[in-house]
Amino acid sequence: MPYSAEISRAKPTAFCFLIDQSGSMDDPYGMDSGKRKCDAVADAVNRLIATLVLRCAKGEDVRDYFQLAVIGYGGAVRPGFGAALAGRQFVPISEVADNPLRVETRARKEDDGAGGLIERQVRFPVWFEPMANGNTPMVAAMEEAYQIVKAWTELYPLSYPPSIINISDGEPTDGSPRPAADKLKTLGTNDGKSLLFNIHISGAAKRPIEFPDTQLGLADEYAQMLFEISSVLPPKLRDEARREGFTTTENSRGFAFNADLRSLVQFLDIGTRTADLR
């Protein structure tokens, strides 16, 4: 059965994030006008990376079940990690855990057990900074992803297939990404083809749509295009999404439109859930 390979240190899986860093990502985020699009995306990606680190933690060790790559595209296409990880492509999760850019202290509201909320200070590792500059070379980013994902699948042919997560406001400036996306989805391992997820970050305050099975109701041509190039969810991920309260069908795709920050993190988390770790 495809998408069922166990994940181990000998057979890790991979996640490749494509992050829109174009000038339009400086605009207000539709679901929270107090944030820029790029700030909302950076927060979501950093929270997800922290979640992936925790998922691989065994005692005081972080085991290399996952490898991560981040590609930023705004004006140019560049590796998204900085500092000690600068210039790297797929990085083992233990090295990611050891090398954040910095660790911030942030306030988080929690249930006090008596119907109220208390504010607690928490550590927040930052691996990825918000950026917004230049045009949107999404096609070039997907072509770069193709090269590094292809090399990864040749190294790990028996692993759970890689996932590519593209986060953008959906207005590419270097042509249609459909051919590059289709080519990217032809890559895979013996366990299945790579999965392409797309998240459309809109400036419009329109209702969120997660894991749709049709493009009807999507706000514009860019959202529709990102839906069309997204992978259909495998059964296991459909089930995970249902358990988290999302509605899915056999034709649901790995796509979200205008999700609020909490749902955005939740969507990303579901997109990274794989087979059991060993």
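Preceding block: the structure.
The text that follows walks through the structure, step by step, so that each part is easy to find. (Residues numbered from 1 in each chain as written. Predicted model: local features only at pLDDT ≥ 70, side-chain atom pairs only at ≥ 80, totals over all residues. Heavy atoms only, no water.)

## Observations concerning the side chain of Arg238
Put simply, the rule reads: Only DSSP runs of H or I reaching four residues or more are called helices, and only runs of E reaching two or more are called strands; each is numbered from the N terminus. Exposure classes here rest on a 1.4 Å probe applied to the protein chains alone. A residue is buried below 20% of its type maximum, exposed above 50%, and partly exposed in between. Within this scheme the basic residues Lys and Arg register as positive and the acidic residues Asp and Glu register as negative, but His and the chain ends are omitted. By definition here, a salt bridge exists when the distance from a side-chain nitrogen of Lys or Arg to a carboxyl oxygen of Asp or Glu is within 4 Å. Note on contacts: a residue pair qualifies if any of its non-hydrogen atoms lie within 4.5 Å across the two residues.
Tracing the backbone shows Arg238 in helix α6 (residues 235–243). Of the side chains with opposite charge, Glu250 lies nearest to the buried Arg238, which makes no salt bridge, at 5.0 Å. Among all residues touching Arg238, those that are not within four sequence positions of it are Leu233, Thr248, Thr249 and Glu250.

## Brief notes about helix α5 (residues 221–229)
Where we set the bar: Polar contact is defined as a pair of N or O atoms within 3.5 Å, subject to the rule that within protein one atom must be able to donate a hydrogen and the other to accept it, and that residues adjacent in sequence are counted only when both atoms are side-chain atoms.
For α5, every residue scored as buried is listed here: Ala223, Met225, Leu226, Phe227 and Ile229. Each element contacted by the buried residues of α5 is listed here: α3 (138–155), β11 (163–168), α4 (178–184), β14 (195–200) and β16 (255–257). Put simply, Asp220 is the residue that caps the front of α5, since its side-chain oxygen is 3.0 Å from the backbone nitrogen of Tyr222.

## Digging into the packing of aromatic side chains
Formally: In this analysis, rings of Phe, Tyr and Trp, with Trp reduced to its six-membered ring, are considered paired at centre separations within 6.5 Å, and the interplanar angle assigns stacked below 30 degrees, edge-to-face beyond 60, and tilted for intermediate values. Whether a charge lies above a ring is judged from NZ of Lys or CZ of Arg, which has to be within 6 Å of the ring centre and within 35 degrees of the ring normal.
Evaluated as defined, the whole model comprises six aromatic pairs. Plain terms: the ring middles of Phe227 and Phe255 are 6.1 Å apart, the flat faces sit at 85° to each other, and that makes the pair edge-to-face. Of this pair, Phe227 sits in helix α5 while Phe255 is found in strand β16, placing the two residues 28 residues apart along the sequence. For Phe227, a relative accessible area of 5% gives the class buried. A connected cluster of aromatic rings, assembled from ring pairs, spans Phe90, Trp152 and Tyr156. Looking at Lys183, its charged tip hangs above the ring of Tyr146, at a distance of 4.4 Å from the centre.

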